[in-house]
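Fold and geometry: a report
One-letter residues, chain by chain:
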Amino acid sequence: MLLQVTVTDPDIVDSDPGAQLASVRVEYTDTGGTFRKKDLKMAEAVGGQWICWIKVSGGTTDKPENPPSTWYAPGTYPDDYVNELPAEPKSGGKVKVIYTDTSENVEVTVEATYTTTEASISLDRATYPLNAKIHITVTDPDENKDPTKVEEITNTRIKVQLKGGSYNYDWEGNPTSIKETGPNTGEFKAVFDLGTAPEDMNYDIKVVYTDESDDKDVSKHALVTASTAEISLDKDTYMVNDTATVTLIEPDLNLDSASKESYTDKVYVYSDVDGAKKSVKIEETGANTGIFTGSFKFKIGGSSSDGDKPTIAALADKKVYVEYKDELLATGEKNKIRSDSATFKTHTGVLETDRDSYAPGMFVTVTVTDPDLNLDPYTKEELQVEQVGEKYALKVSGVSIKSDYTELPIKIYSTDWDGDVVSPLTETDVNTGVFETTYNIKDKVKAGETLYFRYIDPANSAGTTQTIEASASLDTTTGTLELDKTVYKPNEKIKITVVDPDWNVNPKDKDSIPSTKVNVKSDTTPGGVNKELKETDKDTDTFTGEVKIYVEGGSGDLLVKRGDTITVTYTDDYTSGGGGTIKVTKTAKVY
């Protein structure tokens, strides 16, 4: 055994490689009771550090394997700086190293007890499944012979003994290696693979370590046994946008407590729609838990697809199944299928419009609500219609839902208009399943027609295709005109209000009536002025504006004189029932 000695004293920094530190000695009592002391030869390092090693007489380690490399060392380093004791110290006695600090005129002492330590052994768990790895820890400071290196113990000093049906331990094996966890730790690790042992159940394991310093064996016991697996799905019912999570509680797959394990050929999923079994990759939730999880997704009809997270074809009220073949149960039974199931559900979509009646120049807001189209609960998705050859496909953000429509799955049309596709529609927010868009019907329809909307749901609540329709009338309204007063003074403002739903073109914006449709004149100014009216808010049908009157010498919008008649005219191009243009007027006096 080697003992490393380090002296740190910045007061004695010496750049001469030949310098020696003559004031360090070791003192102890040997096995015969004789007091011994010996001066130590030390190598110098930069910064006031000195180092050497003490070797116990008769020890098997002659010199350090990995000594520090930044030392001034004349002669052979480190060989010349290994100081061998003339005799073995007394067991249980103190070995003292004394340094005389001449600059401070003091002696600095450090001591250690020379003794053997009884080794101990521990295992990573009390029970193991078949073919598992046993992680063995041996604590034996006596084997820490060189503090500069990672030591290795002969592998035959650990015996893994197994007892099957007989009383005796009738099988024995050894780990491949026993290595120290790091330099100068005295802790050693070994791994034994039970896969090298004959297969049986309820082994009694005895792990024995031979402590050579104390000439005795230390041991630990464990069992090899089997568990009955449990498999489950996280829900009883799934929708198309769900991700199903499978949980398998199976300690028999926890073969290595030091690692997080995974498997791709243990858990399978299939459905009533497609009986082809698809493997699900399962991963242990953490090292040494024995709990594994995996996941899979769904699609409406068709065929299932492979992958670590497979996509399973399903239809409304049909079952999906997960299964695991438990090769060995706690009861001793073999190759039993453990399974769970759930039901797949679809929903009948809803088609809505923002109004029951529209004017021909309006924007129409179309809304499709269908939870089956909410594929990703964390993303605002887009509902799209694409033509593929002679057929049409309904997609959600590029993912095909149904690709064999013979007619447009989302469409707007009227009595006399063949119509158009409505696409794309944007989800109103993440995880709503509500898709919306705005369509301008200007110049496509006329009053008196009926406007129709169609959504062909790829899978309703019964799992079949269903055409869902809505309709609205196309009509126009005769607008009304109001003034806030009947008599105005000079420099006052005339507030004009027109209520006409025909100009509420886009319910999502504040619309306006153009200035060419509203004229304000007086006797003094017969040509008058035109005035744009703005909607009071989104979707109110009410439009307002103000015109300031003034007399000569003043300022404003419309020149007047006292006694003038003010005439406000609103030209309504679309009157009730699709009638022609009329002019609506209101008058007031100037006081």
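Preceding block: the structure.
Quick look at the structure, then. (Residues numbered from 1 in each chain as written. Predicted model: local features only at pLDDT ≥ 70, side-chain atom pairs only at ≥ 80, totals over all residues. Heavy atoms only, no water.)

**As for the overall build of the protein**
For the protein, the count of helices and strands is zero helices and 51 strands. In terms of C-alpha radius of gyration, the protein reaches 46 Å, well past the compact-globule figure of 25 Å for 591 residues. Among the 591 residues that make up the protein, the fraction classed as buried is 42%. The contacts in the protein between residues at least 6 apart in sequence include a share of 62% that link residues at least 24 apart. Carbon and sulfur atoms make up 44% of the accessible area of the protein, which totals about 28500 Å². Counting 65 positive and 102 negative side-chain charges, the protein places the centres of these two groups 5 Å from one another. (Helix = DSSP H or I, 4+ residues; strand = E, 2+ residues; numbered from the N terminus. Rg over C-alpha atoms; globule rule 2.2 N^0.38 Å. Buried < 20%, exposed > 50% of the residue type's maximum accessible area, 1.4 Å probe, protein only. Contact = heavy atoms within 4.5 Å. Areas by Shrake-Rupley, 256 points an atom, 1.4 Å probe, with all protein chains shown as cover. Lys, Arg positive; Asp, Glu negative; His and termini not counted. Charge placed at Lys NZ, Arg CZ, Asp CG, Glu CD.)

**Topic: the layout of surface pockets**
Estimated volume of the largest pocket: approximately 720 Å³. What lines the largest pocket is a set of 28 residues, and nearest its centre among them are Met1, Val56, Tyr114, Thr115 and Asp142. If you list the elements that add at least two residues to the lining of the largest pocket, you get β1 (2–8) and β9 (106–113). Within this model, the second largest pocket holds a volume of roughly 520 Å³. The wall of the second largest pocket is formed by 24 residues, among which Leu253, Lys266, Tyr324, Glu327 and Leu328 lie closest to the centre. (1 Å grid on protein atoms, 1.4 Å probe; cavity = no way out; pocket = protein on both sides within 12 Å on 5 of 7 lines; lining within 4 Å. Points joined across faces, edges and corners; volume = space filled by probe spheres on them.)

**Notes on the nonpolar core**
Counting 60 residues, the largest nonpolar core has Leu248, Phe296, Tyr358, Leu383, Ile441, Leu451 and Phe453 as the members making the most contacts within it. Excluding its chain neighbours within four sequence positions, the residues that come into contact with Leu383 are Val368, Leu373, Leu394, Lys395, Val396, Ile410, Ser423, Pro424, Leu425 and Phe435. In this structure, Leu123, Val160, Ile178 and Tyr209 belong to the second largest nonpolar core, which totals 25 residues. (Core = buried A, V, L, I, M, F, W, Y, C linked by side-chain atoms within 4.5 Å.)

**Brief notes about the packing of aromatic side chains**
This model, assessed by the stated rule, comprises ten aromatic pairs. Joined through ring pairs, the aromatic side chains of Tyr238, Phe296, Phe298 and Phe344 make up one cluster. The lysine or arginine in question, Lys41, covers the ring of Tyr81, its NZ or CZ lying 5.3 Å from the ring centre. (Phe/Tyr/Trp six-rings, centres within 6.5 Å; stacked < 30°, edge-to-face > 60°. Lys NZ or Arg CZ within 6 Å of the ring centre and 35° of its normal.)

**Digging into the pattern of salt bridges**
Across all of its chains, the model carries 28 salt bridges by this definition. Note that Lys216 is salt-bridged to Glu118, the shortest N-O span being 3.4 Å. Taken together, the residues span a long stretch of sequence, with Lys216 in strand β19 (residues 216–224) and Glu118 in the loop between β9 and β10 (120–123) at a distance of 98 residues. Among the residues examined, Lys216 registers a relative accessible area of 34% and is labelled partly exposed. Salt-bridge contacts for Lys235 lead to Asp242; the nearest nitrogen and oxygen are separated by 3.4 Å. The exposure class assigned to Asp242 is buried, which follows from its relative accessible area of 11%. What you see here is one network of salt bridges that share partners, running through Asp140, Glu143, Arg157 and Glu212. (Salt bridge = Lys/Arg side-chain N within 4 Å of Asp/Glu carboxyl O.)

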